[in-house]
Amino acid sequence: MTTLPTAAGHVVSLRPAESAPMWRAGDEVLRATDLVRSDPDEMMAAATAVAAATPPALVRAVHAYRSRAEHGDVLLVRGVLPETNFGTNPSASAAPLAGHAVQHAALQLLGITMLLGEPFNFRTLYQGKLVQHVVPAPNMEFTQTSESSGGMLDWHVEDGFSPDRCDYFGLLCLRGAEAAVTRYAAARDVVLDDRTRRILSEPRFEMAPDSAHVLDDGSPCRTPVLFGAPHAPEICYDDHYLTALDGEGKEALRELRTQLDAVHHGHVLRPGDLLVIDNRRVVHSRTPFAARHDGTDRWLLRTMVCASLPRFRSHGRRII
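Just so it is clear, the structure is predicted and the values come from calculations on it, not from any experiment. (Residues numbered from 1 in each chain as written. Predicted model: local features only at pLDDT ≥ 70, side-chain atom pairs only at ≥ 80, totals over all residues. Heavy atoms only, no water.)

J.: So what's going on with the side chain of Ser285? Residues and values would help.
T.: Along the chain, Ser285 turns up in strand E16 (residues 282–286). Under the relative-accessibility criterion, Ser285 is labelled buried at 1%. Leaving out residues up to four positions away in the same chain, Ser285 has contacts with Met152, Leu153, Asp154, Trp155, Val181, Thr182 and Arg183. (Helix = DSSP H or I, 4+ residues; strand = E, 2+ residues; numbered from the N terminus. Buried < 20%, exposed > 50% of the residue type's maximum accessible area, 1.4 Å probe, protein only. Contact = heavy atoms within 4.5 Å.)

Written out as structure tokens, the structure is:
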């Protein structure tokens, strides 16, 4: 395994001999388990076999990323999957994890991300699936959802309207698209004057739920945009669902938006890449790409992670 700290984050490359034990562990589990018929807790129990087979050097890299993030708030793990045919991609995010290879990949995703905390989901998001497909869906090309393709998916954090939004999320690439650049910008890299930073640190903004959630109550919540320790600032931002409540706030958001564009990095996900993003400290976006809707489009698997065990336990269930 090789590791490479970069300005964009920490890159870990697994050799085939290092990732093979994780794949074999998943193969053993899937002889007796069908993830389509498994509930979320059963899926996590199955994924522990993969976590136990994780190379020690990767465990150390994940721990260093989680605890210190010295090289950025994004972790890229390459070589997670062997070369294999995952078949035809589904047409919607909530589709079942159908097929042996796809279930294998889901176990790899869960097995690695559980080193960061507890994978979970909202019951209102994509039918509460613990692992969701990130695929372009027909008639969703220009929406601000992960099912879009033809339009820019603008700067946002996942589920910024909820105090229970994930601490991390992982994207595992089964099939890529060269035009689809996943962009990310860390709050600690943003350069702002003291006045703008003070305004953004006050609860002078409202965040509305995004359209991917099916909610009975779509009321916005009041929130600051920047908060937390000065050496590790957090951010709650969304180009479309965040609204300033006064003129100063609107001006501050415009300056922040300019800065996000100025400091961002990007990566084109390729098969076997696992991109982990700190959802509390990083905003992300994705450039447009052309979807064919023929079963051969860009295809990622995603899961979200709660890093706080007390907060996870307080809900009493994995799908909240």
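J.: Report on the nonpolar core, specifying residues and quantitative values.
T.: Grouped burial of nonpolar side chains is what soluble globular proteins tend to show. In terms of nonpolar packing, the biggest core is built from 42 residues, with Leu81, Phe86, Leu97, Leu107, Val131, Leu274 and Leu301 touching the most fellow members. For this core, the secondary structure elements donating two or more residues are helix H1 (16–30), helix H2 (40–52), helix H3 (56–67), strand E3 (74–78), helix H4 (100–113), strand E7 (168–175), strand E15 (274–278) and strand E17 (299–306). Per-element accounting of this core gives the leading share, 8 residues, to H4. Excluding residues within four positions of it along the chain, Leu97 makes contact with Leu35, Val36, Met43, Val102, Gln103, Ala106, Val131, His133 and Leu301. (Core = buried A, V, L, I, M, F, W, Y, C linked by side-chain atoms within 4.5 Å.)

J.: Explain H1 to me, using residue names and the numbers behind them.
T.: Look at H1: 20 Å from first C-alpha to last across 15 residues, which is about the 21 Å you get at 1.5 Å a residue. Taken as a whole, H1 has its buried residues at Glu18, Ser19, Met22, Trp23, Ala25, Gly26, Val29 and Leu30. One side of H1 holds all its buried residues, which, seen down the axis, span an arc of 155 degrees. In this structure, H1 carries Pro16, Ala17 and Arg24 as exposed residues pointing more than 90 degrees from its buried face. Buried residues along H1 sit in contact with strand E2 (9–13), H2 and H4. (Expected span 1.5 Å × (residues − 1). Arc of directions from axis to C-beta.)

J.: Any chance you could break down the pattern of salt bridges for me, citing the residues and the numbers?
T.: Enumeration over the complete set of coordinates arrives at 24 salt bridges. A salt bridge links Arg31 to Glu28, with the nearest nitrogen and oxygen atoms 3.0 Å apart. Note that Arg198 and Glu202 form a salt bridge whose closest N and O atoms lie 3.3 Å from each other. It is possible to trace a salt-bridge network through shared partners that takes in Arg195, Arg198, Glu202, Arg204, Asp246, Glu248 and Glu251. (Salt bridge = Lys/Arg side-chain N within 4 Å of Asp/Glu carboxyl O.)

Read these as geometric descriptors, not functional statements.
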